[in-house]
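Each chain, written out:
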Amino acid sequence: MTSLSKIVLIPGDGIGPEITAAVQHILAAAGAQIDWVPCKAGLAALEDCGEVLPEATIDAVQQHKVALKGPCTTPVGEGFSSVNVRLRKEFNLYAAVRPVRNLAGVDARYQDVDLIIVRENTEGLYSGVENEITPGVVMSMKVATQTACERISQWAFRYATQRQRKKITVFHKANIMKMTDGLFLRSAATCHQRDYPNIEYETAIIDAGCMRLVQDPTQFDILLLENLYGDVVSDLCAGLVGGLGVVPGANYGDDGAIFEAVHGSAPDIAGRNVANPLALLMSAVMMLNYLADKDDDEVHRTTGERIREAYDVALLDGCKTRDLGGDLGTAEFAEAVIERL
Ligand code: ATP
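None of these values were measured; they are calculated from a predicted model.

What follows concerns the packing of aromatic side chains. In the structure shown here, the tally under the stated rule is 8 aromatic pairs. When the ring of F157 is compared with that of Y201, the centres are 6.2 Å apart and the planes differ by 40°; the resulting orientation is tilted. Remark: Y201 occurs in strand β9 (residues 200-205) and F157 occurs in helix α5 (residues 146-162); sequence separation between them is 44 residues. Here the aromatic residues W155, Y159, Y252, F259 and Y290 are joined through ring pairs into a cluster of three or more. Against the face of Y126 rests R119, its NZ or CZ located 5.1 Å from the ring centre.

This next bit is on the environment of V214. You can see V214 is positioned in helix α7 (residues 206-215). You can call V214 partly exposed: its relative accessible area is 40%. In the structure, V214 is positioned 46 residues away from E260 in sequence and 25 Å away in space, judged by C-alpha atoms. Those residues in contact with V214 that sit more than four places away from it in its chain are Y110, L236 and L240.

Right, let's talk about the pattern of salt bridges for a bit. The final tally for this structure, using the stated rule, is 19 salt bridges. A salt bridge links K6 to D35; its shortest N-O distance comes to 3.1 Å. A residue pair is termed long-range when its members are at least 10 positions apart, and K6 in strand β1 (residues 5-10) and D35 in strand β2 (residues 34-38) qualify at 29 residues. Classification of K6 as partly exposed rests on a relative accessible area of 42%.

A few words on the domain arrangement of the protein. Each domain of the protein was delimited in the assignment, giving domain 1 (1-98 + 244-341) and domain 2 (109-241). Taking only C-alpha atoms into account, the centre of domain 1 sits 24 Å from that of domain 2. With 16 residues of domain 1 in contact, the opposing surface of domain 2 contributes 20 residues. Counting each side, the surface lost to burial between domain 1 and domain 2 is near 1,600 Å², with a carbon and sulfur contribution of 55%. Per-residue buried area on domain 1 facing domain 2 is highest for K89, Y94 and R98; these three make up 41% of the total on that side. Counting across the domain 1 and domain 2 interface gives 0 salt bridges.

The next point concerns unusual backbone geometry. In most cases, non-glycine residues show a negative phi, while peptide bonds are predominantly trans. In this model, N92 sits at a positive phi of 55°, which is unusual for a non-glycine residue. Note on placement: N92 falls in the loop between α4 (83-90) and β4 (95-101). The phi angle at A266 is positive, at roughly 40°, despite the residue not being glycine. Looking at the element boundaries, A266 is found in the loop between β12 (257-259) and α9 (278-295). Under the relative-accessibility criterion, A266 is labelled partly exposed at 24%.

Within β1, 5 of the 6 residues are buried, leaving the element largely enclosed by the surrounding structure. Across 5 bridges, β1 lies against β2 in parallel orientation. Considered in β2, the bridge of V8 is made with V37. With 3 bridges connecting them, β1 and strand β3 (residues 66-69) associate as parallel partners. Its bridge partner being in β3, V8 is matched across the sheet by A67.

This paragraph deals with the nonpolar core. Of all hydrophobic cores here, the largest spans 90 residues; its most connected members are L27, L223, Y252, F259, M287 and Y311. Considering every element that reaches this core, the biggest residue donor is α9, with 11 residues. For this core, the two domains that each supply at least three residues are domain 1 (1-98 + 244-341) and domain 2 (109-241). Ranked by size, the runner-up nonpolar core spans 17 residues in total, among them I10, C39, L53 and V61.

The next point concerns the site of the ligand. In the region of the ligand, the neighbouring residues are I15, L244, H263, G264, S265, A266, P267, D268, I269, A275, N276 and D323. Separating an oxygen atom of the ligand from a side-chain N or O atom of D268 is a distance of 2.8 Å. A distance of 2.9 Å separates a nitrogen atom of the ligand from a polar atom in the backbone of N276. Here the ligand loses 67% of its free accessible area of 600 Å² to cover by the protein chains.

Each value, and the rule that gives it
- Residues numbered from 1 in each chain as written.
- Predicted model: local features only at pLDDT ≥ 70, side-chain atom pairs only at ≥ 80, totals over all residues.
- Heavy atoms only, no water.
- Phe/Tyr/Trp six-rings, centres within 6.5 Å; stacked < 30°, edge-to-face > 60°.
- Helix = DSSP H or I, 4+ residues; strand = E, 2+ residues; numbered from the N terminus.
- Lys NZ or Arg CZ within 6 Å of the ring centre and 35° of its normal.
- Buried < 20%, exposed > 50% of the residue type's maximum accessible area, 1.4 Å probe, protein only.
- Contact = heavy atoms within 4.5 Å.
- Salt bridge = Lys/Arg side-chain N within 4 Å of Asp/Glu carboxyl O.
- Domains from an automatic or database assignment.
- Buried area = accessible area lost by both parts, 1.4 Å probe.
- Pairing = 2+ DSSP bridges.
- Core = buried A, V, L, I, M, F, W, Y, C linked by side-chain atoms within 4.5 Å.
- Near = heavy atom within 4 Å.
- Polar contact = N/O pair within 3.5 Å; in protein donor to acceptor, adjacent residues only side chain to side chain.
- Areas by Shrake-Rupley, 256 points an atom, 1.4 Å probe, with all protein chains shown as cover.

Structure representation (structure tokens):
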């Protein structure tokens with residue numbers, strides 16, 4: 001008999017609590033063998049215990065190693081630093097993976113898109129080193145270390161091999177940022193030549209790469225990017241296949257993972273039962289597959305497959321939230337998936 005996996009659940013801010021509740025509901029109905037450990041982070045935690053990332057949440061993730069997380073709001077241009085970024089750094093979750101593919105029944109600008117974004121998740125301009133040199137002059141430091149560049153390259157090529165993917169394309173701006181992006185690029189090239197010569201490898205300067213993406217995204221297989229480029233290109237790619245409501249994500253480290261959708265907390269639609277829970281649900285399916293691999297437990301994988309089939313059928317039946325052109329609320333979409341399990 002399968003034992004329950006203890007998973008930290010962080011609902012987050014904005015639409016986070018609604019979409020997390022919907023996903024929990026679907027997983028329970030599918031019989032997922034999960035014992036949730038609810039924890040707070042973000043504005044909810046700030047109101048409750050005076051800090052955005054409480055020690056209790058850090059301890060829980062440390063102990064249980066795996067979390068499903070809703071988005072946490074980050075103030076723009078002032079205030080506390082991003083909780084999302086702090087969690088990734090705290091647990092050294094250096095590889096962010098965002099699969100971008102068409103879903104049957106979801107209108108999109110392109111068809112046959114099936115690409116995976118692998119984003120370095122711990123450094124670059126997200127190092128958070130910003131200074132005021134003198135009033136009116138500020139700077140932000142882009143950090144690249146050989147360790148992190150080599151680590152993400154190895155991870156991406158290994159992932160490509162495991163998933164029978166054919167090609168890795170690195171987006172960079174090493175013509176301008178010769179040292180930082182240069183190191184990133186050299187690390188990827190060395191890893192390719194030395195360890196994975198059978199995987200096709202190409203590079204693109206990011207501006208030209210973005211143009212190619214919007215001309216024909218089907219020409220890409222795995223995109224490997226440093227932190228900020230990965231962030232921006234993730235949303236761009238979401239737009240190619242139907243929007244932020246359909247792109248899931250995972251942050252992997254060597255000893256744990258946090259699963260979260262690409263989108264943010266969408267405060268403009270929070271609390272109105274209109275948010276699409278699908279991206280978080282897809283992230284939860286990625287989590288079940290991760291647990292299946294980690295614990296060698298096929299029950300998690302079967303549960304994930306059932307959920308995936310159910311939401312595929314729901315979408316084909318026209319059950320969609322507003323962002324995808326439908327009229328279902330968050331909770332009603334969850335019910336539609338549950339009916340098809
Ligand atoms: P944050 O500050 O947390 O990044 P944001 O609103 O600036 O939040 P996103 O949450 O990524 O950024 O979303 C941008 C817009 O996309 C939102 O305003 C919302 O209208 C839409 N959106 C994002 N996620 C969803 C979703 N799951 N369902 C429906 N619409 C969404």
